[in-house]
Amino acid sequence: MNERMVELLACPVCRGAVRLEDPVRSAGGEIAEGALRCAGCGAAYPIAAGVPRLNPPGEGATEQARVGEHFFLEFSTLAEEDQDFDPPDVLEYVLVSRTGIDPLVYSRIPGDLYRTSVPTGPDAYRPDSSFLRGKRVLDAGCGGGRLTPVAARHADHIVGLEYGPHVDRAAARCRGLENVDIVQGSVLDPPFRDGVFDFAFSVGVLHHTTDPAAACRELARVIAEDGALSVWVYPPQYWGGRVREPVNRAIHRVLSRLEPRRALSVCRWVLYPLGRLQMALARRPWTKWAAAPVFVVSVPRHPRREVMLTTIFDYFGPPIISTHTYEEVAGWLRAAGFKSLRQLPVPSAWFAEGR
Ligand SMILES: [Zn+2]
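A brief report on the enclosed structure follows. This is a predicted model, so every value here is computed, not measured.

Some details on the overall build of the chain
Helix and strand counts for the chain stand at 12 helices and 11 strands. Over its C-alpha trace the chain gives a radius of gyration of 21 Å, about what one expects of a compact globule, namely 20 Å for 355 residues. Considering only C-alpha atoms, the chain reaches an extent of 70 × 45 × 40 Å along its principal axes. Taken over 355 residues, the chain has a buried fraction of 55%. Sequence separation of at least 24 residues holds for 63% of the intrachain contacts in the chain that already meet a minimum separation of 6. Of the roughly 15,600 Å² of accessible surface on the chain, 54% is carried by carbon and sulfur atoms.

Have a look at this one:
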């Protein structure tokens, strides 16, 4: 943790300022161990392995904590080399297209928003991340740190906030990047002072919380008055069409009640083989037609085994998955005070500014 973080952080309970206690510095001068003491309520929060730990106290047995356990296991199933299953130019495209920071990207790189490659070559359009230049940015729900290092190439300072224990994975991925800080905390109670960020983005996160509208309000609180917020959450079509939706939802209901390890076992031994069968049957139109009932379950596919398994677990496994229309998300953003909203072609996503 960079020492300047002490000026940005706040108690997640009372929003009081925090002061640094007993810091142990690493060779590079960063704070590796220590504690943060709240000046308001006196609560103490540890700094361990370079990460300040500011989860709201007493959440051990909540549904939100179970979500954290799910994602810890999800990110742990991927080996370090598999984490980079998308090449850097695709990750740049993902960051730009999901946050809307370059509105031209949708027309200049048209087609599938869930692409695994982007056009290259001398005439190819490059997603433009210059919006981030000179800004302090919050990656609200940074997961295993997939997009944080991408944003770090452009932003002045980026802070990755993550709730579950896999926050250490994000910290490991960003080690050595001087303009990155990783913080453990919740998007529902972001442990930051008011108005400290110029821009915050939350990509695929708020639909895994108990109250996405409240998270929007809280993210707006930590953004400066003239700052911006990008939010992408799952749309209602997440669960598939009329036929598939009840089946997919039923599988989610069963899996989300299991211990994460048991849910992952079901994905590995039932849903993954079903997905491979679907891939084999889909190769010829007549087998796909003849075996139509096999396709009633939406199993995410990927050529690499571990990535496909992780994606299946990601689709069916999180204890909380909600879906939201564009209008609903716009309502949260307006209630959070934003007046200028730009709808993004990634459903359901908005870029919000102007308070
Ligand atoms: Zn406090």
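Now that the structure has been shown, the text picks up again.
Quick notes on helix α3 (residues 88–99)
Here α3 spans 17 Å end to end across 12 residues, near enough to the 16 Å set by a 1.5 Å rise per residue. Taking burial as the measure, the 12 residues of α3 include 10 buried ones, the bulk of the element. Turning to α3, its buried residues number three or more, namely Val 90, Leu 91, Glu 92, Tyr 93, Val 94, Leu 95, Val 96, Ser 97, Arg 98 and Thr 99.

Points about the coordination of the zinc ion
Within the protein, the zinc ion binds to Cys 11 (SG), Cys 14 (SG), Cys 38 (SG) and Cys 41 (SG); these donor distances fall in the range 2.3 to 2.4 Å. Considering all four donor atoms around the zinc ion, the spread of angles at the metal, 92 to 120°, places the coordination shape in the tetrahedral class. Sequence spacing of the donor residues for the zinc ion, all on one chain, is C-x2-C-x23-C-x2-C. Remark: Cys 38 occurs in strand β2 (residues 31–38) and Cys 14 occurs in the segment before β1 (18–25); sequence separation between them is 24 residues. The exposure class of Cys 14 is partly exposed, given its relative accessible area of 34%.

Let's talk about the sheet that holds strand β3 (residues 44–48)
Strand order in the open sheet made by the four strands is β1-β2-β3-β4, with antiparallel pairing throughout. A single partner strand is all that each edge strand has here, and the edge strands are β1 and β4 (51–52). Direction of pairing for β2 relative to β3: antiparallel, over a ladder of four bridges. Following the sheet pairing, Ala 35 is matched in β3 by Pro 46.

Quick look at the side chain of Lys 135
Within the secondary structure, Lys 135 is located in the loop between α4 (105–108) and β5 (136–140). In this structure, Lys 135 is buried with no salt-bridge partner, the nearest side chain bearing the opposite charge being Asp 198 at 6.8 Å. In contact with Lys 135, not counting residues within four places along its chain, are Ala 155, Asp 156, His 157, Asp 198 and Phe 199.

Concerning the sheet that holds strand β6 (residues 157–162)
Taken in spatial order, the seven strands of this open sheet run β7-β6-β5-β8-β9-β11-β10, and their pairing is mixed. Here the strands that pair on one side only, and so sit at the sheet edges, are β7 (180–184) and β10 (340–344). Along the sheet, successive strands turn relative to each other by an average axial angle of 15°, direction set aside. In the sheet, β5 pairs with strand β8 (residues 197–203) via three bridges, with the strands oriented parallel. Residue pairing across strands places Leu 138 opposite Ala 200, the latter belonging to β8. Sitting on the sheet, α3 touches β8, β9 (223–232), β10 and β11 (349–353), and the angle it makes with β8 is about 100°.

So, the packing of helix α1 (residues 63–76) against helix α9 (residues 260–281)
Between α1 and α9, the shortest axis-to-axis distance is 9 Å and the interhelical angle comes to 50°. Relative to α9, α1 is oriented oblique. Once α1 is placed against α9, the crossing between them reads as right-handed. Contacts between α1 and α9 involve Glu 69, His 70 and Leu 73 from the former and Pro 260, Arg 261 and Leu 264 from the latter. Grouping the constituent residues of the contact of α1 with α9 by class yields three nonpolar, one polar and two charged.

Observations concerning the pairing of β10
Both β10 and β11 contribute to a ladder of five bridges, which runs antiparallel. If you follow Leu 344 over to β11, its bridge partner there is Ala 349. Where β10 hands over to β11, the hairpin turn is made up of four residues, counted between the paired strands.

A look at the packing of aromatic side chains
Two aromatic rings, taken as a pair, are described by how far apart their centres are and by the angle between their planes. Counted under the stated rule, the structure contains 13 aromatic pairs. Taking the centre distance of 5.7 Å and the plane angle of 75° together, the rings of Phe 131 and Phe 351 count as edge-to-face. Of this pair, Phe 131 sits in the loop between α4 and β5 while Phe 351 sits in strand β11, placing them 220 residues apart in sequence. Overall, Phe 351 belongs to the buried group, its relative accessible area being 3%.

Some details on unusual backbone geometry
Across residues other than glycine, the phi torsion is negative in most instances, and most of the peptide bonds are trans. At the junction of Pro 347 and Ser 348, the peptide bond is cis and its omega measures out at -10° in the coordinates. Topologically, Ser 348 is positioned in the loop between β10 and β11. Phi at Arg 15 takes a positive value of approximately 65°, unusual for a residue other than glycine. Turning to its location among the elements, Arg 15 is positioned in the segment before β1. Not every positive phi belongs to a glycine, and Asp 22 is a case in point at roughly 50°. For Asp 22, the location among the structural elements is in strand β1. For Asp 22, a relative accessible area of 66% gives the class exposed.

Each value, and the rule that gives it
- Residues numbered from 1 in each chain as written.
- Predicted model: local features only at pLDDT ≥ 70, side-chain atom pairs only at ≥ 80, totals over all residues.
- Heavy atoms only, no water.
- Helix = DSSP H or I, 4+ residues; strand = E, 2+ residues; numbered from the N terminus.
- Rg over C-alpha atoms; globule rule 2.2 N^0.38 Å.
- Buried < 20%, exposed > 50% of the residue type's maximum accessible area, 1.4 Å probe, protein only.
- Contact = heavy atoms within 4.5 Å.
- Areas by Shrake-Rupley, 256 points an atom, 1.4 Å probe, with all protein chains shown as cover.
- Expected span 1.5 Å × (residues − 1).
- Donors = N, O, S within 2.8 Å, 3.2 Å for Na, K, Ca; no water.
- Tetrahedral: all angles 85-135°; square planar, octahedral: opposite > 155°, others 65-115°.
- Pairing = 2+ DSSP bridges.
- Lys, Arg positive; Asp, Glu negative; His and termini not counted.
- Salt bridge = Lys/Arg side-chain N within 4 Å of Asp/Glu carboxyl O.
- Axes fitted to C-alpha atoms, helices over the stretch in contact; angles between N-to-C directions.
- Parallel < 35°, antiparallel > 145°, perpendicular 65-115°, else oblique.
- Left-handed = near helix turned anticlockwise from the far one by under 90°.
- Nonpolar A, V, L, I, M, F, W, Y, C, P; charged D, E, K, R; others polar.
- Phe/Tyr/Trp six-rings, centres within 6.5 Å; stacked < 30°, edge-to-face > 60°.

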